[in-house]
Amino acid sequence: MEISKEEISGRTISLAIPAVRCNGVKKYFQTVHAVDGIDLEVRTGECFGLLGPNGAGKTTLVEVMEGLTRADEGIVEILGYCWGSGDDRAFRDRIAVQLQETQLADKLTVEETLRLFRSFFSRGHTVDEVIRLGELEEKRKERVHKLSGGTKQRLALACALVSNPELLFMDEPTTGLDPQARARVWGVVEEFKLRGGTVMLTTHYMEEAARLCNRVAIMDHGRFLAIGTPAELIASLDGREIIEFRVLGELEQDLLTGLPGVKAVDRKNESYVLKVLSIDVTLPALLNAAERSRARIDHLLTRQATLEDVFMSMTGGRLNDEG
Amino acid sequence: MMKDKIRNPLYELTVARIKESVREPEMLFWVFVFPILLAVALGIAFREKPTDRLRIAIEESAGAEQISKLLSIREDIQPIVLDTGEANEQLRKGKVDLIISIDQSINPQPESLVLANLVFTYDETRSNSKIARMASQDAIERGLGRKDMIFIRDNKVETPGSRYIDFLIPGLIGMNLMGSGMWGVGFAVVYARTRKLLKRLAATPMRRSHYLFAFMLSRMIFLIPEVAMLVVLGWIIFNVRVFGSVLDLVIVSILGSLTFAGLGLLVAARSRTIEGASGWMNFIIMPMYILSGSFFSYERFPEFAIPFIRALPLTALNDALRAVMNDGRPLYSIRLELAVLSVWLILTFVVSLKIFKWQ
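All of these numbers come straight from a predicted model, not from anything done at the bench.

Visitor: Whenever I open this one, the overall build of chain B confuses me. Can you help?
Guide: If you tally the helices and strands in chain B, you get 13 helices and 4 strands. For 359 residues, the compact-globule estimate of 2.2 N^0.38 gives 21 Å, and chain B exceeds it by more than 25% at 29 Å. Dimensions of chain B along its principal axes, counting C-alpha atoms only, are 100 × 45 × 40 Å. Relative to all contacts within chain B whose residues are 6 or more apart in sequence, the contacts with residues 24 or more apart total 75%.

Printed below as a string of structure tokens:
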């Protein structure tokens, strides 16, 4: 019970200071500008997402924040602390890190792994508590190499949560997991958020960012292209609604551009994506135009714009290959 | 909530290390089963045969039977009558040590052996052949009535700890400590690095020296069964005794084991791949297999090379183990070997800590 008192007082103190503050952060590898001038402030209690394709510089930026990589330029403050300005090792008690693709020791059990990680920290949950937080009760005695991908990720997350950290870094926590396993990992993160924890997350799943993050930054080539809440970013799009379809026969592109409410037309072979102000206005006009041109439209789909559309409109690429 | 007690990280790291090792069946084979197999195989191949009998072929002829009878006076001679072709064939293969024939070109029909011309055919480079020649001459002359001029009393003693197997067992212990120390520690570290586990640990408040030190501690615990197994096995099967104090043996083993754990750490300090580390391991281990006198004495190498060979950690360990096990010498008398091991240990550990890459 003493631990939780400490933790409450620790959090009240840190409320005034941003959880993460970056100012002009740059990190180059030879000629590659992995991080190319990043300014960022993440508030305590916030869940912030770095969204971007592979190679965007997300991992490098997060590792600079985690104190695993030194920035070439700029200021990085984590919970008001600058790496290298004091006792780094002691400071690590307050933050937690989940790396992309860490493989824990195969031959140890879930419980043994957590017991080991717990021993490194001077504060935190008991092993039993963190097993419950990670929903690992049934796998407690199982060896790591026998765990499924999703369970391994929850164990990695539990290893991070074992110190009951103020700030949790997660680098692509659900890459390669099936939707069910992904949802369970999200559940664990959401519980951490509910308890007042701050989360810094990288992902290339827009669904993940939309569900977990209060704010996201879209990152590519080491820079932020946009930053804001998911709703703000979607609202910033010209066309916030999308019509997708396939055309059998001839339909002139100029005709589509001229339809009411159309903001942009993307074409790939017979497949079209129209970004429109309102589906209600554009769709009847589209069907009319098709009929006049004696073209047939199928695979018709209408939807709201997502973060992925925001990303595509900014970079012309996709967030991830799985779509 | 005693069960959930939070223990010292060094303790937890060491326990985790030991559990990981024990749960690796292949590691148990190489550390425990393989050395036993090696000891048994080498022990049998090189066992001291109870006074090997000299095998002497006699070429078929009129006098062959008589020669055979005369040779049988000596217990250490096993005579066998063969035709010329077979006798030569067996000499070539080393199945017989000497061929005795009668040269009939000078005296075709000798009435007695005294008048016959005996020919001894043998390979002078074989020590057994030379012994066979002397023993045959002795047996035949004595059988024909030679009188010995002096009286000799044979005083046969057996020096304990002087057999090949006595030499071999400490060498195998040394080799085993080297192998398990270097591979055990080196591989575990490189493996953890390739899996990004080292980086993950570096992101915790874990003391880095604790991580490396846990390897040393786990090695100290493992070496007890490793050494005990070979000592007990040597004692039961081959009657290899430990003439020095067991405590001294433990001290030498611990020091040797830590030294090789240090070398393993050094090799693993920067290696990014298992393949790269394997190359370096072999580069360090192979010369010591050959030079450090695990299987045969390094005194056979040229004189100028001996000081370098003795500066190798495995040589120092083997010499120290043999001094304690075979000769029963005190630690004081092997202070040079212990110093060599200590220097290697300190050097490798300090350098490893300095250059160690966590990512």
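Visitor: Explain the sheet that holds strand 1 (residues 20-29) of chain A here, please?
Guide: Across a sheet, paired strands are connected by hydrogen bonds in the backbone, their directions being either parallel or antiparallel. Residues and elements named next belong to chain A. Here we have 3 strands laid out as an open sheet, ordered 2-1-4, and antiparallel in their pairing. Single-partner strands in this sheet number two, and they are strand 2 (32-42) and strand 4 (73-78). On average, each strand axis in the sheet is inclined to that of its neighbour by 25°, with strand direction left out of account. Bridging between strand 1 and strand 4 involves 5 bridges; their strand directions are antiparallel. Residue pairing for strand 4: K26 is matched across the bridge by E73. Each of strand 1, strand 2 and strand 4 is contacted by helix 2 (residues 58-65), which is oriented at about 55° to strand 2, the strand it contacts most.

Visitor: Help me understand the domain arrangement of chain A, please; the structure alone is not making it clear to me.
Guide: Much of the literature gives interface size as the accessible area that the parts lose upon coming together. In terms of domains, chain A is made up of domain 1 (2-228) and domain 2 (238-304). A separation of 42 Å is found between the C-alpha centroids of domain 1 of chain A and domain 2 of chain A.

Visitor: Teacher, can you tell me more about the domain arrangement of chain B here?
Guide: Partitioning chain B into structural domains gives domain 1 (9-45 + 161-355) and domain 2 (54-143). Once you take the C-alpha centre of each, domain 1 of chain B and domain 2 of chain B turn out to be 52 Å apart.

Visitor: How should I be thinking about the confidence of the model for chain A in this particular structure?
Guide: Regions with low pLDDT should not have their predicted coordinates read in detail. Residues and elements named next belong to chain A. Mean pLDDT over chain A stands at 86; residues scoring 70 or higher make up 93%. Taken element by element, chain A is modelled with least confidence in helix 1 (residues 2-14), mean pLDDT 45, and with most confidence in helix 4 (residues 110-120), mean pLDDT 95. Predicted confidence for residues 1-14 stays below pLDDT 50, and this span has 9 contacts to residues more than four positions away or in other chains.

Scoring rules and cut-offs
- Residues numbered from 1 in each chain as written.
- Chains lettered and ligands numbered in written order.
- Predicted model: local features only at pLDDT ≥ 70, side-chain atom pairs only at ≥ 80, totals over all residues.
- Helix = DSSP H or I, 4+ residues; strand = E, 2+ residues; numbered from the N terminus.
- Rg over C-alpha atoms; globule rule 2.2 N^0.38 Å.
- Contact = placed C-beta atoms within 7 Å.
- Pairing = 2+ DSSP bridges.
- Axes fitted to C-alpha atoms, helices over the stretch in contact; angles between N-to-C directions.
- Domains from an automatic or database assignment.
- pLDDT = per-residue confidence, 0-100.

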